[in-house]
Every structure is written in structure tokens, then in C-alpha cells.
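If you want the building blocks of each chain, they are given just below.
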Protein chains: 2
Amino acid sequence: MTQGLLIVHTGDGKGKTTAALGLALRAFGAGLRVLILQFIKGGQRPGEIDALDLLAKTSAALSEKKIEIRQCGLGFTNKGEISQHKSAAKIALETARQEIISGDWDLIILDEINYAVKFGLIGEEELIALIEDRPPQLHLVLTGRDATQKLIDIADLVTEMKLIKHPFQKGIVAQRGIEF
Amino acid sequence: MTQGLLIVHTGDGKGKTTAALGLALRAFGAGLRVLILQFIKGGQRPGEIDALDLLAKTSAALSEKKIEIRQCGLGFTNKGEISQHKSAAKIALETARQEIISGDWDLIILDEINYAVKFGLIGEEELIALIEDRPPQLHLVLTGRDATQKLIDIADLVTEMKLIKHPFQKGIVAQRGIEF
């Protein structure tokens, strides 16, 4: 019997979301049922949505494996009222709760949820209560910079992605397929 | 016109390979042609091989996108002669060279190659020469702990994956779909 791990990817470097996506891919390949909920929806459609949709359709056709990615929340476009963001985050968290307790998944990724906690859109205590309510075999991955100390304390596996060098520092602009 | 980035994932934490896989997924979804060469072949077949094979077959059928993963090298199973490992690494590096100069790919990941350099299976100068010979639009990702300072110096984007907490420390064993 597997033991569900609580995994945290934090830090100021690249790779928090991509490492979660890579884990999703690996887990899916190994037969785990994988759900990715993206809490911070950007202005652009990231490449992973198209790739995972293709994988989801193929696997649905073969009815053998299961993977799904959904974008929740309003995104940090610095637009909109904080109350709207809070309300969107509340709905996203409720979706997360329903999926977590459903037993339909072996791995759930709450992408950028640490960010949502940091900005006060989601209460830390609410998130911890949700983590504690999960089925014991469910693996849960939380990503986003500035994970709180309490989350780090209760996690099984924590990696800090640390920025050593970034192309923006050299004036290279973000490129589709790499940055998003 | 895009500018090919040299990306390095290093450090003692988890997420170096999975972040590269996630980047592969994102890039593939955005229409880039992606090749992953795994320099350290483990004893077990990692989940990502099955997932990416499925994606490759689907995309080949749709003839729109291209992704491929190949395992090279003998793996660090602490078995075999060092000369055998060196010879396998040499062949792997030659494969990498042919693929890099072919122009068939937009993103090539040399997974765990830093490790191969660290253990003296591949010469640092050989690898740097290969990097310098790449087409200017090709994105190249090098993963593995203990990337050399020279590699970090010439890279555009460097992330250190830092171990904060690992489940092995709690006595939890490696699980298929998560660790491999």
C-alpha cells in the first residue's frame, strides 16, 4: 500500500510548476490518476494545457489512464478587485476539496496555491484543514513561492527552487514553450 | 525569432529531472519539437517513458507535434567497469551531438549529464564544445547535481533545486510514479 506524500515546491527560482508537471507525467505513466488544479490563471494559455489535453484524450480513448488539468482563479493580472479574487479562490478551494475527498485521484497538484495563501486569498488554516482531510493514499503537491512555515512543517518532501541566474537579467524576453 | 536558451537544473534536491520533463511537456504543447536523452539509465523503467511514448504515438498519428525520450548510458547501478561506463557515455554524447546539429529539434534535454561530467564519464570541455556548436535557436537543458562552475557561467537560466526535507529521512521508501 502506498503512502500519500505531501510535497511542496517553493522558492524564487524556476521549476516549481514544471517539476509538478513532470511529476504528473511520471505518475500518469506509472498508472496513477492525476489532477492538476492551477490556482493562478495567467493571461496566456500555457503549453502544458494543450499537451495534457492531448494526453487526456488519448488515454480516455484507451480507457486505461487518467490525467486532467484545469485552470481556476482569476489570475494575477493586477486587474480586478481583491474581493473578486477572494471569491474566485474560494470557489477554486471548494473544487479542490471535492476532488480531494472524492477518491477519484492518486495525485492532485494545487499549482501556485502557496501564492494564493501568501496574498491572503486562501487562509492557511483552511488549506491545512483540507490537507488533513485527504485520503491517506493521496499524494498532494503544493507549488508556489513563499510556502508558509506551517506547510513546510507538515510536508513530507520539500524542495526549494533557488534562482541562480535568469535570462530576464540578461534582457531576454519570455518565450512561449519555455516560460509559459 | 526565438533565442535558444542554455538551461541548467542542479542541486541536491528533487525536481531537476521532473522540471525538465514538465518543460518538455509545456514546450511540446506549444508546438516545439522536443527530444529527451537520459544519460543515467536506472534499473527501473521510469513512468515518464510510458507517458511520453503515448504522447509521441498520438502526436505522430496527428502529425502535428513531436516528442521523444531515449535512455542512454549504463546507469549508476554501481555495477560494471568504469571503462564500460565511459564507453557508453561516449556513445551517448555522440548521439547528443548528432541530434543537436541535426536541426530536427527545438528543445533537447540532456538529463543527468552533469552527473556524467562529475564522474568523469564525459569531459567538461567536450560538453562545452558541443554546447557552443548548437544551432542558435535550439534550447538546451542540462540536469544533474554538481553542475560545474563553467557550465553555470555559460548558462542563461540556472536553478538550484535545494533539498529542504525528504521522505527518506522519515523512512518512507521510494514509490513508483513519484520517485521514478
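Our subject is the structure listed above.
Bear in mind that the values here come from a model prediction, so they are computed numbers and not experimental data. (Residues numbered from 1 in each chain as written. Chains lettered and ligands numbered in written order. Predicted model: local features only at pLDDT ≥ 70, side-chain atom pairs only at ≥ 80, totals over all residues. Heavy atoms only, no water.)

A word on the sheet that holds strand S3 (residues 67-71) of chain A
Inference 1: Taken together, the 12 strands give an open sheet; going across it, the order is S3(A)-S2(A)-S4(A)-S5(A)-S1(A)-S6(A)-S6(B)-S1(B)-S5(B)-S4(B)-S2(B)-S3(B), and neighbouring strands pair in mixed fashion. Single-partner strands in this sheet number two, and they are S3 of chain A together with strand S3 (67-71) of chain B. The sheet shows a mean angle of 15 degrees between the axes of neighbouring strands, taken without regard to direction.
Inference 2: Here strand S1 (residues 6-10) of chain A pairs with strand S5 (residues 139-143) of chain A via 4 bridges, running parallel. Looking across to S5 of chain A, one finds that Val8 of chain A is bridged to Leu142 of chain A.
Inference 3: Set on the sheet, helix H3 (residues 82-102) of chain B makes contact with strand S2 (34-38), S3, strand S4 (107-111) and strand S5 (139-143) of chain B; between it and S4 of chain B the angle comes to about 165 degrees. (Pairing = 2+ DSSP bridges. Helix = DSSP H or I, 4+ residues; strand = E, 2+ residues; numbered from the N terminus. Axes fitted to C-alpha atoms, helices over the stretch in contact; angles between N-to-C directions. Contact = heavy atoms within 4.5 Å.)

Remarks on the packing of aromatic side chains
Residue and element names in this part refer to chain A.
Inference 1: A complete count under the given rule lists 2 aromatic pairs over all chains for this structure.
Inference 2: Summarising the aromatic geometry, the rings of Tyr115 and Phe119 are spaced 5.1 Å apart at their centres and angled 40 degrees between planes, so their arrangement reads as tilted.
Inference 3: Directly above the aromatic system of Trp105 lies the positively charged group of Lys66, at a separation of 4.4 Å from the ring centroid. (Phe/Tyr/Trp six-rings, centres within 6.5 Å; stacked < 30°, edge-to-face > 60°. Lys NZ or Arg CZ within 6 Å of the ring centre and 35° of its normal.)

Comments concerning the pattern of salt bridges
Residues and elements named next belong to chain A.
Inference 1: As enumerated under the stated definition, the model contains 18 salt bridges over all chains in all.
Inference 2: In this structure, the salt-bridge partner of Asp133 is Arg97, at a minimum N-O distance of 3.2 Å. Taken together, the residues Asp133 in the loop between helix H5 (124-132) and S5 and Arg97 in helix H3 (residues 82-102) connect sequence positions 36 residues apart.
Inference 3: Assessed through its relative accessible area of 26%, Arg97 is described here as partly exposed.
Inference 4: Shared partners join several salt bridges into a network, and the residues in it are Glu68, Arg70 and Glu99. (Salt bridge = Lys/Arg side-chain N within 4 Å of Asp/Glu carboxyl O. Buried < 20%, exposed > 50% of the residue type's maximum accessible area, 1.4 Å probe, protein only.)

Considerations on the relation of the copies chain B and chain A
Inference 1: When chain B is fitted to chain A, the residual RMSD is 0.0 Å, and the transformation amounts to a turn of 180 degrees plus an axial shift of 0.0 Å. The operation mapping one copy onto its partner corresponds to a two-fold rotation axis. (Least-squares fit on C-alpha atoms with pLDDT ≥ 70 in both.)

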